[in-house]
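# Per-entry structural report
Letter by letter, the chains look like this.
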Amino acid sequence: MSPAAASVSASDMAAVKTSSNGVWQGDDPLHFAFPLLILQALLILVLSRLLAFLLRPLRQPKVIAEMVAGILLGPSALGRNGAYLHALFPPWSAPVLESVASLGLLFFLFLVGLELDLRSVRRSGRRAFAIAAAGISLPFACGVGVAFALRQAIPGADQAGYAPFLVFMGVSLSITAFPVLARILAELKLLTTPIGETALAAAAFNDVAAWVLLALAVAISGSGGSGHGPITSLWVLLCSAAFVAAMMVGVKPAMTWVARRADAAGEGGGGEALWVSATLAGVLASGFATDLIGIHAIFGAFVFGLTVPNEGAFAGRVTARIEDLVSELLLPLYFASSGLKTDVATIRGGAAWGMLALVIATACVGKIAGTFGVALACGMEAREAIVLGVVMNTKGLVELIVLNIGRERKVLNEETFAILVLMALVTTFITTPTVMAIYKPARAAGRRRLHHRKLQGPIPSAPSSPSAGAGAATANELRVLACIHGGQDVPALINLIETIRGHTQPRRLVKLYILRMMELTERTSSILMVRAARRNGLPFFRPRRAGEAPQDQVDVAFGTYAQLGHVSVRAMTAVSALHSIHDDVAAVAEDKRVSLVVLPFRKRHHGHGGGGEGEGEELGPEWRAVNRRVLREAPCSVAVLVDRGFGGGEQVSSEEVAHGVCVVFFGGPDDREALELAGRMAEHPGVQVTVVRFVDGKAGSEEQSEVTLRPAKTKNADRSYTFSTAVVDTRKEKELDEAAVAEFRQRMGTLVRFEERVVVGNVIEEVVSIGKSGEYGLVVVGKGRLPSPMVAQLAVRPAEHPELGPIGDALASSGHGVTASVLVVQQHDMTNADEVPVSVVVDGHAHDGGEFAKDMAEP
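Calculation criteria
- Residues numbered from 1 in each chain as written.
- Predicted model: local features only at pLDDT ≥ 70, side-chain atom pairs only at ≥ 80, totals over all residues.
- Heavy atoms only, no water.
- Helix = DSSP H or I, 4+ residues; strand = E, 2+ residues; numbered from the N terminus.
- Contact = heavy atoms within 4.5 Å.
- Areas by Shrake-Rupley, 256 points an atom, 1.4 Å probe, with all protein chains shown as cover.
- Buried < 20%, exposed > 50% of the residue type's maximum accessible area, 1.4 Å probe, protein only.
- Polar contact = N/O pair within 3.5 Å; in protein donor to acceptor, adjacent residues only side chain to side chain.
- Pairing = 2+ DSSP bridges.
- Expected span 1.5 Å × (residues − 1).
- Arc of directions from axis to C-beta.
- Patch = residues over 30% accessible without salt bridge, like charges linked within 9 Å, V, L, I, M, F, W, Y side chains within 5 Å.
- Salt bridge = Lys/Arg side-chain N within 4 Å of Asp/Glu carboxyl O.
- Axes fitted to C-alpha atoms, helices over the stretch in contact; angles between N-to-C directions.
- Parallel < 35°, antiparallel > 145°, perpendicular 65-115°, else oblique.
- Nonpolar A, V, L, I, M, F, W, Y, C, P; charged D, E, K, R; others polar.
- Left-handed = near helix turned anticlockwise from the far one by under 90°.

## A short note on the overall build of the chain
When you go through the chain residue by residue, the secondary structure sums to 28 helices and 14 strands. Across the chain, every contact between residues at least 6 apart in sequence was considered, and the portion connecting residues at least 24 apart equals 83%. In the structure as shown, the chain presents an accessible area of about 35,400 Å², 59% of it carried by carbon and sulfur atoms.

Shown next, in the form of structure tokens:
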């Protein structure tokens, strides 16, 4: 924003009207406060979200995009056009935009205080305090030194008094952005490790010291600007200390009582709205109190956040109610307004740009060197010490708050402000890539890949290991890990588990592990959930206390199923970035020695039964990519459930289970695993299993073609079916298929209906007809990583859901009118784990599509 924006007179503001009468009555909406605010917010949100999308591959926090959006919209870029700047961001609109943005900032600082865990600060003790002291004192001293150079090199920088300018510069270079730091640690799965606890505790100490110093700077700058002496500053500091003491001694016990009452009322209870409203009113009152004292209103909101207990459900519910509005709408306005006030053009000449480089270098060296040296002295490894120094150098959100306060108090002029904003941008931008390059924590590679499990054949006994104990499975026990995204996945999942476990063998135990997969975002609630973890990077289980009500419908549903179905159920939650959440799934599967992982593919239908087109909501491409990584990395067999209202779309009891299951068998390891799973289903008295074996009608005839698969490097693995190209003994695979079918038929007897279909024409048409018949509630197919010749010829079909394989994809596609749910099974097989897109070679001729694909496609 131009300097004129800061000098809007009271008469100018009084002349501004809120709403217009519309263009038909001759009013220009851009001359009225509210419609102009709407347009400004719209521009900022659209541009910042676009930039956030572009910066996502670099793992950058949203604040970077929001700051850059403001800089682009402001005088540094688009604002160089005076007509544009005067029309969309006139000087009289600045107080309106900043007032709305500051309200969001107030509640954001409340969330920061709520997120700060004072108990972890106390636990970390002297080491964290020593690291924080070094991490703030050395860069503060460096900032003071740079301040002298800036006052000499930057015209107008010496207009502010020495004391406030030196303190503001020291705080600017020494502060750590606690919220951004917490998210970086959580994404790297370091939040609950010793290094993560130390970093958070040190950042908390750092924040407290920085806020105290900033309060001092604000008090000094306020008294200096108004002509008052140091006595005024002393009164401000004494009142601030009294305010903090009153909050901790009087308000904190009161908020603990409020949280207990709200938790007792439960979510959606009649009294909950009252307690949430009281909490929000407390935020506003605290902000007003500190502004009345003479320090910024955000201090009051931050201290009030510290008084709210963050270990109960109340903190999560308060956070959920305000964080979306704050973080997605109001906060971007604040950081964009910082960019709007940043005019890069004010940095003129080589000396000014040299000062920018000096400030960036000093900020990085001071923070990293101070933290690194003390961390080494405290016994930390060199790599962890350097990582700690880098993450402690995170600036971001809090830095901008400090700079804006300094600018408001006339301590920082336009050029100094621009230099420090660019410094905050650069230091925040380099933090995540630097940490990722230095510290790549291996997820216990030695522990993984030890206990590979599948359903078919005897379960191998696990070697003794530290994780054995409670995780050891008995011979009669089936262990299943079911992954869900929310309550919509629960009914079909419980019905599937009930179908799998059978009833004819009372001693066969089923142990069900539920893993709720949640994306780690920049929301405060994500961090609060991650902080509940007990071990680094692993999904956590929060046991309920005696008499405590279930948290949500997922807890209720699985609690009911565990009691009525006599099934051991253990629910866990994984909060991770989408690019690494498959590691959580694989780690739990390994630790709990499960034999089968069940993944959701499509959200449950809202109606009963279902089928046809448009009745389901598919998972987004990001979650489908998670499924693909789990299929590739899981240490056991995996089944992907495409739910079309399996079991009627509602959870049913054991006595009410009544549906048909069809197993489609072509041959290969995945199909044999599907056959083994069908054997367990057939034991249930309410389940009628049919096995349909497809036989190539051209087998043994002169018309039979020789089909082989070759890697196709030009194809995209995300858009084409992938297969294992390992060299296999075709004759041995066929013998294994025959032996599996013979053993299955002998063992099942009359429990299973068996059918052979000879296929001469279109395979897909035959398979789809089964799913469309309405006779079966569930169709079970193998993925076909080592496909039979019939399935191999389908490799060149256009793939809609390539992770399901050709047969599963045909049944899952919405355009075929399939009404049955589909379960796609992949047998664990490390020797054939590597999959690639392929081209089909028939009788020595390669086929990548064209007429061959058209012949193989369904009508």
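## Brief notes about the side chain of Arg 624
Its location among the elements puts Arg 624 in helix α22 (residues 621-633). With a relative accessible area of 13%, Arg 624 lands in the buried category. A distance of 2.8 Å separates the side chain of Arg 624 from the side chain of Glu 803, its partner in a polar contact.

## Notes on the pairing of strand β5 (residues 637-642)
Along β5, six of the six residues are buried, which leaves the element largely enclosed by surrounding structure. Residues Ser 637, Ala 639 and Leu 641 point to one face of β5 and Val 638, Val 640 and Val 642 to the other, with burial holding for every one of them. Relative to strand β12 (residues 821-826), β5 runs antiparallel, the two sharing five bridges. In the strand pairing of β12, Val 638 is matched with Gln 826.

## Side note on helix α24 (residues 730-748)
For α24, which comprises 19 residues, the first-to-last C-alpha distance of 27 Å matches the rise-based estimate of 27 Å (1.5 Å per residue) to within 8%. Those residues of α24 lying buried are Glu 733, Asp 737, Ala 740, Val 741, Phe 744 and Met 748. Buried residues of α24 fall within an arc of 95° about the axis and therefore sit on the same side. Turned more than 90 degrees away from the buried face of α24, the exposed residues are Arg 731, Glu 735 and Gln 746. In the segment just after α24, Gly 749 is the residue with positive phi, at about 60°.

## Describing unusual backbone geometry
The phi torsion at Lys 410 lies on the positive side, around 65°, for a residue other than glycine. Within the secondary structure layout, Lys 410 lies in the loop between α16 (397-408) and α17 (414-438). Residues other than glycine seldom take positive phi values, yet Arg 593 does so here, at roughly 50°. For Arg 593, the position within the fold is in the loop between α21 (581-591) and β4 (596-602). A relative accessible area of 1% places Arg 593 in the buried class.

## Some points on a nonpolar patch on the surface
A grouping of Leu 58, Val 426, Phe 429 and Ile 430 is seen on the molecular surface, where their side chains present a nonpolar patch of about 280 Å² in accessible area. Tracing the backbone shows Phe 429 in helix α17. Judged by relative accessible area, which is 32%, Phe 429 ranks as partly exposed.

## Quick look at the packing of helix α23 (residues 669-682) against α24
Direction vectors running N to C along α23 and α24 enclose 5°, while the axes themselves pass 10 Å from each other. In terms of axis orientation, α23 runs roughly parallel to α24. Note on element contacts: α24 touches α23 through Glu 733, Leu 736, Asp 737, Ala 740, Val 741, Phe 744, Arg 747 and Met 748, opposite Pro 669, Arg 672, Leu 675, Glu 676, Ala 678, Gly 679 and Ala 682. Residues belonging to the contact of α23 with α24 are distributed by class as follows: nine nonpolar, one polar and five charged.

## Brief notes about the packing of α21 against α22
Two elements in contact, α21 and α22, have axes separated by 9 Å at closest approach and are oriented at 40°. As summarised for this structure, α21 and α22 are arranged oblique, according to the angle between their axes. Every pair of crossing elements has a handedness; the one defined by α21 and α22 is right-handed. Contact residues: α21 offers Ile 581, His 582, Val 585 and Ala 586, while α22 offers Trp 623, Val 626, Arg 629, Val 630 and Glu 633. When grouped by side-chain class, the residues that make up the contact of α21 with α22 number six nonpolar, one polar and two charged.

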